[in-house]
Amino acid sequence: MGINQKTLPGILLCAVLAIPCWLLGLEFHLIGSPIFAIILGIIIGSVFTSWKREKTGAGIGFTSKKILQWAVILLGFGLNITQILHVGWISLPVIISTIATSLIVSYIIYRLTHMDSNTAVLIGVGSSICGGSAIAAAAPVIKAEDQDIAQAISVVFFFNVVAAFVFPPFGDAISLSNMGFGLFAGTAVNDTSSVTATAAVWDSMKGTGTQVLEYATIVKLTRTLAIIPICLGLASYQVYKAKQNAAQTDGGSVSIAKIFPKFVLYFVICSLITTALSYANIDIQFLSVFKTISKYFITMAMVAIGLNTNIVKLIKSGGSALALGACCWIAITAVSLVTQHMIGLW
């Protein structure tokens, strides 16, 4: 289903509701437009009458699925692989350690508690890579429900806020260097906006201008590259599961081309285009417009997800998700500090 008379009303509704959320996100970076979008969507969705749903339901569903995929594709234009790796190479051991830790912790807790698998994956990915963007990228791959996405975004947001307030005084108390704190903020805080907020607080405390902010941002961008292998891995696992199910039921074959999410490949292609243009010494500043559109599409998708979210169910199931987020956050914090201490970057 594409954009047509049936889906257009719902798409326009999400686009209009995303405008104030986008503007609030620009004003309050620590919170960000996706959180405002989910909250507004939940509020409006709770009073949405059935006849309005009949007119907008198809478009809301299209926005939460297809437009979210378009957002991920355009997100690739913000990834210059060569430049990020060149500058952020020294931080890779810490980044790899923290990402692996979060994914392992989320898997262990999922197995122990039998919580929803999609929620566990999204919280693990969001905590380990780059918050909302990673959740947005992974959700369509694993075919997560709107409820799962809303819950994961909310959990990641909560610990972003905690980190922004707690990490600067904590880093000062344990005598982290400026470079050490930049690496710590870039690897232990989830969302990019929260990384910049946390690093900016440190710069203000220490009077270092934007030194720590710039380094933490580079570390965070390097960490964002993990979206590519994670999404490819999740997509390959979906294909594997489909093959297993087909073999167990009727022994039939499975078309990889039909199951593998093509938007993941388009996302990778966009990042390779950005890298190639940069490598050819072509000014890629013009690509920033695609990054902006991507962020707005994510805001639209979060509005749609909020509109489709059952707030009562979200609250009832929120305890286990919050506990998982806490475990991932604590583990990432500990591993980030231990790893950089081991390689002498403290």
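Residues numbered from 1 in each chain as written. Predicted model: local features only at pLDDT ≥ 70, side-chain atom pairs only at ≥ 80, totals over all residues. Heavy atoms only, no water.

> Teacher, can you tell me more about the packing of helix α10 (residues 192-206) against helix α11 (residues 211-224) here?
Axis angle and axis distance: for two packed helices, these are the angle between their axes and the distance between the axes, and together they describe the pair. Where α10 contacts α11, the axes come no closer than 8 Å and their chain directions differ by 155°. The orientation of α10 with respect to α11, classified from their angle, is roughly antiparallel. By crossing handedness, the relation of α10 to α11 is classed as right-handed. For the pair formed by α10 and α11, the contact residues are T192, V195, T196, A199, W202 and D203 on the first element and Q211, V212, L213, A216, T217 and K220 on the second. Partitioned by chemical class, the residues of the contact of α10 with α11 number six nonpolar, four polar and two charged. (Axes fitted to C-alpha atoms, helices over the stretch in contact; angles between N-to-C directions. Helix = DSSP H or I, 4+ residues; strand = E, 2+ residues; numbered from the N terminus. Parallel < 35°, antiparallel > 145°, perpendicular 65-115°, else oblique. Left-handed = near helix turned anticlockwise from the far one by under 90°. Contact = heavy atoms within 4.5 Å. Nonpolar A, V, L, I, M, F, W, Y, C, P; charged D, E, K, R; others polar.)

> Where do I start with the layout of surface pockets in this structure?
The gaps of empty space that remain are located by a probe, the size of a water molecule, rolled over the atoms. What the largest pocket holds in volume is close to 980 Å³. In terms of lining residues, the largest pocket is bounded by 33 residues, among which S133, D191, T192, S193 and K295 are the most central. Those elements that provide at least two residues to the lining of the largest pocket are α1 (8-27), α2 (33-46), α7 (132-142), α8 (146-173), α10, α11 and α15 (288-307). Residue lining of the second largest pocket: 18 residues in total, with Y107, S117, V121, L234 and Y237 positioned closest to the centre. Among the elements of the structure, α5 (92-113), α6 (117-128) and α12 (227-249) are those that each provide at least two residues to the lining of the second largest pocket. Residues that form the lining of the second largest pocket fall into these classes: ten nonpolar, six polar and two charged. (1 Å grid on protein atoms, 1.4 Å probe; cavity = no way out; pocket = protein on both sides within 12 Å on 5 of 7 lines; lining within 4 Å. Points joined across faces, edges and corners; volume = space filled by probe spheres on them.)

> Sorry if this is basic, but what is going on with the side chain of T333 here?
Note that T333 resides in helix α17 (residues 318-342). A residue is classified by how much of its surface remains accessible, and T333, at 11% relative accessible area, is buried. Within the local environment of T333, its side chain forms a polar contact with the backbone oxygen of W329, the two atoms lying 2.8 Å apart. Residues in contact with T333, not counting those within four places in the same chain, are F167, F184 and A188. (Buried < 20%, exposed > 50% of the residue type's maximum accessible area, 1.4 Å probe, protein only. Polar contact = N/O pair within 3.5 Å; in protein donor to acceptor, adjacent residues only side chain to side chain.)

> What should I look at first to understand a nonpolar patch on the surface in this one?
A cluster of nonpolar side chains, namely I3, L8, L12 and W70, defines an oily patch on the protein surface of about 370 Å² accessible area. Within the fold, W70 resides in helix α3 (residues 50-75). (Patch = residues over 30% accessible without salt bridge, like charges linked within 9 Å, V, L, I, M, F, W, Y side chains within 5 Å. Areas by Shrake-Rupley, 256 points an atom, 1.4 Å probe, with all protein chains shown as cover. Salt bridge = Lys/Arg side-chain N within 4 Å of Asp/Glu carboxyl O.)

> Would you explain the confidence of the model for the chain in this entry?
Caution is warranted with low-pLDDT regions, since their predicted coordinates should not be read in detail. Across the chain, the average pLDDT comes to 85, with 92% of residues at or above 70. When mean pLDDT is taken per element in the chain, α1 scores highest with 93 and helix α13 (residues 256-259) scores lowest with 63. (pLDDT = per-residue confidence, 0-100.)

> Could you clarify how one ought to interpret the nonpolar core in this entry?
Side chains of nonpolar character tend, in soluble globular proteins, to be buried together. Judged by nonpolar contacts, the single largest core of 101 residues is most densely connected at L122, I129, I149, I227 and M302. Apart from residues lying up to four places away in sequence, I227 is in contact with L75, I129, C130, S133, A134, A137 and F267. (Core = buried A, V, L, I, M, F, W, Y, C linked by side-chain atoms within 4.5 Å.)

> What is the right way to read unusual backbone geometry from this model?
Most peptide bonds take the trans configuration, and most residues that are not glycine carry a negative phi. At K143, a residue that is not glycine, the phi angle is positive and equals roughly 60°. One can find K143 in the loop between α7 and α8. Despite not being glycine, S175 shows a phi value in the positive range, around 60°. Residue classification places S175 among the exposed positions, given a relative accessible area of 55%.

> Can you help me understand the packing of aromatic side chains in this one?
A ring pair, where both rings are aromatic, is described by two values, the distance of the centres and the angle of the planes. According to the stated counting rule, one finds 14 aromatic pairs in the structure shown. Ring geometry for F28 and F36: centres 6.3 Å apart, planes at 55°, overall tilted. F36 gets classed as buried once you look at its relative accessible area, which sits at 16%. Through a chain of ring-to-ring contacts, three or more aromatic side chains come together here, namely F158, F159, F167, F170, F181, F184, W202 and W329. Taking NZ or CZ as reference, K206 lies 5.1 Å from the ring centre of W202, over its face. (Phe/Tyr/Trp six-rings, centres within 6.5 Å; stacked < 30°, edge-to-face > 60°. Lys NZ or Arg CZ within 6 Å of the ring centre and 35° of its normal.)

> Any chance you could explain the environment of F77 here in plain terms?
Within the fold, F77 resides in the loop between α3 and α4 (81-88). Taking the C-alpha atoms as reference points, F77 and V289, 212 residues apart in sequence, are found 9.2 Å from one another. Ignoring anything within four residues of it in the chain, the contact list for F77 reads C270, I273, T274, L287, F290 and K291.

> For this particular structure, what's the right way to read the environment of I228?
In this fold, I228 is placed in helix α12. Along the backbone, I228 and S271 are 43 residues apart, and their C-alpha atoms lie at a distance of 9.2 Å. The contacts of I228, once residues within four sequence positions are left out, are L79, I81, F267, V268 and S271.

> I tried to follow α6 on my own but got confused; where do I start?
Working note: α-helix, 3.6 residues per turn, so residues spaced by three or four point in the same direction. Look at α6: 16 Å from first C-alpha to last across twelve residues, which is about the 16 Å you get at 1.5 Å a residue. Taking burial as the measure, the twelve residues of α6 include ten buried ones, the bulk of the element. Along α6, the residues that are buried comprise N118, T119, A120, L122, I123, G124, V125, G126, S127 and S128. Backbone nitrogen of N118 and a side-chain oxygen of the N-cap are separated by 3.1 Å at the start of α6; the cap is D116. (Expected span 1.5 Å × (residues − 1).)

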